[in-house]
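Below are the chains, spelled out letter by letter.
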Amino acid sequence: MAALTSVTPHSSTSSLHPKFHSTHFGVHFNSTNESNNLKQVRFSTRRLSLDSISSSGLRIRAAATKPAKSPAEEEWKIKREVLLQKKVRSVDVKEALRLQKENNFVILDVRPEADFKEGHPPGAINVQIYRLIKEWTAWDIARRAAFAFFGIFSGTEENPEFIQLVESKLDKSSKIIVACSSGGTMRPSQNLPEGQQSRSLIAAYLLVLNGYTNVFHLEGGLYTWFKEGLPEEADV
C-alpha cells in the first residue's frame, strides 16, 4: 500500500521560505518469479512537502492506492487448501507426456510468451498468467519505480484476461496439465511444511475457481521437462 503525497501551501510573507521535511513512502508488492515465488519486496523513498509557499491556501493531494486483493493474491495456504479440496493432482514430466499422448491431456504453459516461443512441449497452449505492467495509474507508476529500484525494468502484473483467454481455447471439461518453469509443489517437507507456491499452482487455483474440473499440475516444471530431454519445439 502506498502513502499519500501532499503539497500544502499556507500564508507567508512576500518572500518564499519553503520548509522541507521527509516522510516515509512505502510501496509493497508481490513479485512472483520461478526461483523465489511471491517474494515481498519493500521499497522506500522520500516525500517532499512545502509547508509555506504562498498565501493562496491551495492544497494539492495525490494518492497511489493499491487495488483490492485479487484471487491470485490470496494467501498460499488458502490456495493450497482449495487445490487439495478440488483434488488437483500433481504429475511428473514423464507421466505428463504419457497423459498428453494417450489421454488427450493439454499442457497449458502459463509462462511469459517470450519464454514459450523459445521452447515448449509440442502441442502446448500458452496463456501467460503474468504480463508486463501496462497501465499508468499512480499505483502502477509506484510499482514500476519499486521494480526499477531493484534493477528490474520489466516488472509484471497479474494478467486480468487470463481466464477469458483460457476459456477461448479450452472448455471447462478439458483435461489440463498446468505448467510453468519451476512447478512448485503442494507436498509438505521439513523446510516447506505447506509446499511451495508457483505460477502454475496459482493458475490451477484460478482454473478450479472458475469451473474447470480436470486440472493437473506439472511437478518439477518445464525446467525438468527440458532437462529430461523430453520432446520440445520452438516458435521461430
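Here, the structure is the one placed above.
The structure contained in this document is the topic of the report that follows. (Residues numbered from 1 in each chain as written. Predicted model: local features only at pLDDT ≥ 70, side-chain atom pairs only at ≥ 80, totals over all residues. Heavy atoms only, no water.)

Along the backbone of the protein chain there are seven helices and eleven strands. Within the protein chain, the proportion of its 236 residues that are buried is 42%. Working note: accessible area of the protein chain is about 13200 Å², and carbon and sulfur atoms make up 53% of it. (Helix = DSSP H or I, 4+ residues; strand = E, 2+ residues; numbered from the N terminus. Buried < 20%, exposed > 50% of the residue type's maximum accessible area, 1.4 Å probe, protein only. Areas by Shrake-Rupley, 256 points an atom, 1.4 Å probe, with all protein chains shown as cover.)

Time to look at the nonpolar core. With 30 residues, the main nonpolar core has Leu108, Phe162 and Leu207 as its most contacted residues. At eight residues, helix H6 (residues 199-209) tops the list of elements feeding residues into this core. Once you skip the residues sitting within four places of it in the chain, Phe162 turns out to touch Leu108, Val110, Val127, Gln128, Ile129, Ala203, Leu206 and Leu207. If you look at the next biggest cluster of nonpolar residues, it comprises 16 residues, including Val93, Phe116, Ala179 and Leu222. (Core = buried A, V, L, I, M, F, W, Y, C linked by side-chain atoms within 4.5 Å. Contact = heavy atoms within 4.5 Å.)

Bringing the packing of helix H5 (residues 162-169) against H6 into the picture now. Where H5 meets H6, the axes come as close as 11 Å, and the angle between the chain directions of the two elements is 70°. Taken together, H5 and H6 sit at an angle that is classed as roughly perpendicular. Within the contact between the two elements, H5 uses Phe162, Ile163 and Val166 and H6 uses Ala203, Leu206 and Leu207. Along the lines of polarity and charge, the residues of the contact of H5 with H6 split into six nonpolar, no polar and no charged. (Axes fitted to C-alpha atoms, helices over the stretch in contact; angles between N-to-C directions. Parallel < 35°, antiparallel > 145°, perpendicular 65-115°, else oblique. Nonpolar A, V, L, I, M, F, W, Y, C, P; charged D, E, K, R; others polar.)

For the coordinates displayed, the defined rule picks out six salt bridges. A salt bridge links Arg111 to Asp109; the shortest N-O distance between them is 2.8 Å. Comparing Arg111 with Asp109, the two get one shared label, buried. The salt bridge partner of Arg187 is Glu219, with a shortest N-O separation of 3.2 Å. Separated by 32 residues along the polypeptide, Arg187 in the loop between strand S10 (175-179) and H6 and Glu219 in the loop between strand S11 (214-218) and helix H7 (221-227) bring together distant segments of the chain. By relative accessible area, Arg187 is classed as exposed at 57%. Given a relative accessible area of 16%, Glu219 falls into the buried group. (Salt bridge = Lys/Arg side-chain N within 4 Å of Asp/Glu carboxyl O.)

Below, the discussion takes up helix H2 (residues 93-102). Inspection of H2 places Val93, Glu95, Ala96, Leu97, Leu99 and Gln100 among the buried residues, and these make up the whole buried set. Next to the buried residues of H2 lie strand S5 (89-91), strand S6 (106-109), S10, S11 and H7. Between the side-chain oxygen of the N-cap and the backbone nitrogen of Lys94 there are 3.2 Å, and the N-cap of H2 in question is Asp92. Just downstream of H2 lies Asn104, where phi reads positive at about 60°. (Polar contact = N/O pair within 3.5 Å; in protein donor to acceptor, adjacent residues only side chain to side chain.)

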